[in-house]
Amino acid sequence: MNDKVKVKTLRPVLFEGRPQTEFETTELHRRELQTRRLLDGSHVAAKASKPVASTSGAEFIDRKAAEVIAAIEGADQTLLADALEAEQAKGEKARSTVVEALQAAIYG
């Protein structure tokens, strides 16, 4: 399986020992660059992965914080409210960055 994709970054990043703005990399690395907001916006839209379909708030937050935050945009308000409730139910283990991002998306 060849999962190589071409990427274009907003600024040079060190790749294979050289600072580059355009290169071919893996899909996983592309998603990491996207999460870090280093990809050119037009390129991100063209190469964005399909959003993970979540049926509950618990499923929505059952991934890394950066992935949850990236998935917030365009998500249903009811799902976001359920996700916030599920994250806060973790008590002391609730991730403050996720809680803050969900609250900002819900309450503006």
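Look above for the structure.
**Student:** What exactly am I supposed to notice about the overall build of the protein chain here?
**Tutor:** If you tally the helices and strands in the protein chain, you get six helices and two strands. Reading the protein chain from its N terminus to its C terminus gives the helix and strand order β-β-α-α-α-α-α-α. Counting only residues that meet the buried cut, the protein chain has 30% of its 108 residues in that class. When the accessible surface of the protein chain is summed, it comes to about 7,500 Å², and 50% of that surface belongs to carbon and sulfur atoms.

**Student:** How should the pairing of strand β2 (residues 18-26) be read in this particular structure?
**Tutor:** On a regular strand, one side chain projects to one face of the sheet and the next to the other, so that they alternate. Where strand β1 (residues 4-15) meets β2, eight bridges bridge the pair, whose relative direction is antiparallel. Bridging across to β2, F15 finds its partner in R18. Hairpin connection between β1 and β2: a loop of two residues separates the two successive antiparallel strands, and E16 in this loop has a positive phi of roughly 55°.

**Student:** Can you walk me through helix α5 (residues 77-88) in this structure?
**Tutor:** Since one α-helical turn is 3.6 residues long, residues separated by three or four positions face the same way. Here α5 spans 16 Å end to end across 12 residues, near enough to the 16 Å set by a 1.5 Å rise per residue. Along α5, the residues classified as buried are L79, L80, A83, L84 and E87. Seen from one end, α5 has its buried residues packed into an arc of 140°, which puts them on one side. Looking at α5, the residues exposed on the side facing more than 90 degrees away from the buried face are T78 and E85. Lining the buried residues of α5 we find α3 (57-60), α4 (65-72) and α6 (96-107). The N-cap of α5, judged by a side-chain oxygen 2.9 Å from the amide nitrogen of T78 a few residues on, is D76.

**Student:** Looking at this structure, how should I read the packing of aromatic side chains?
**Tutor:** Both the distance between ring centres and the angle between the ring planes are used here to describe each pair of aromatic rings. As enumerated under the stated definition, the model contains one aromatic pair in all. Ring centres of F15 and F23 lie 4.2 Å apart, and the angle between their planes is 20°; this geometry places the pair in the stacked category. Positioned above the aromatic ring of F60 is the side chain of R63, whose terminal nitrogen or guanidinium carbon lies 4.8 Å from the ring centre.

**Student:** What is the right way to look at the packing of α4 against α6 in this model?
**Tutor:** Relative orientation and spacing of two packed helices are given, respectively, by the angle between their axes and the distance between those axes. Here α4 crosses α6 at 5°, and the two axes come no closer than 10 Å. On the basis of their axis angle, the class for α4 and α6 is roughly parallel. For the pair α4 and α6, contact is made by A65, V68, I69 and I72 and by T97, V98, A101, L102 and A105, respectively. When its residues are assigned to classes, the contact of α4 with α6 shows eight nonpolar, one polar and no charged.

Thresholds applied
- Residues numbered from 1 in each chain as written.
- Predicted model: local features only at pLDDT ≥ 70, side-chain atom pairs only at ≥ 80, totals over all residues.
- Heavy atoms only, no water.
- Helix = DSSP H or I, 4+ residues; strand = E, 2+ residues; numbered from the N terminus.
- Buried < 20%, exposed > 50% of the residue type's maximum accessible area, 1.4 Å probe, protein only.
- Areas by Shrake-Rupley, 256 points an atom, 1.4 Å probe, with all protein chains shown as cover.
- Pairing = 2+ DSSP bridges.
- Expected span 1.5 Å × (residues − 1).
- Arc of directions from axis to C-beta.
- Contact = heavy atoms within 4.5 Å.
- Polar contact = N/O pair within 3.5 Å; in protein donor to acceptor, adjacent residues only side chain to side chain.
- Phe/Tyr/Trp six-rings, centres within 6.5 Å; stacked < 30°, edge-to-face > 60°.
- Lys NZ or Arg CZ within 6 Å of the ring centre and 35° of its normal.
- Axes fitted to C-alpha atoms, helices over the stretch in contact; angles between N-to-C directions.
- Parallel < 35°, antiparallel > 145°, perpendicular 65-115°, else oblique.
- Nonpolar A, V, L, I, M, F, W, Y, C, P; charged D, E, K, R; others polar.

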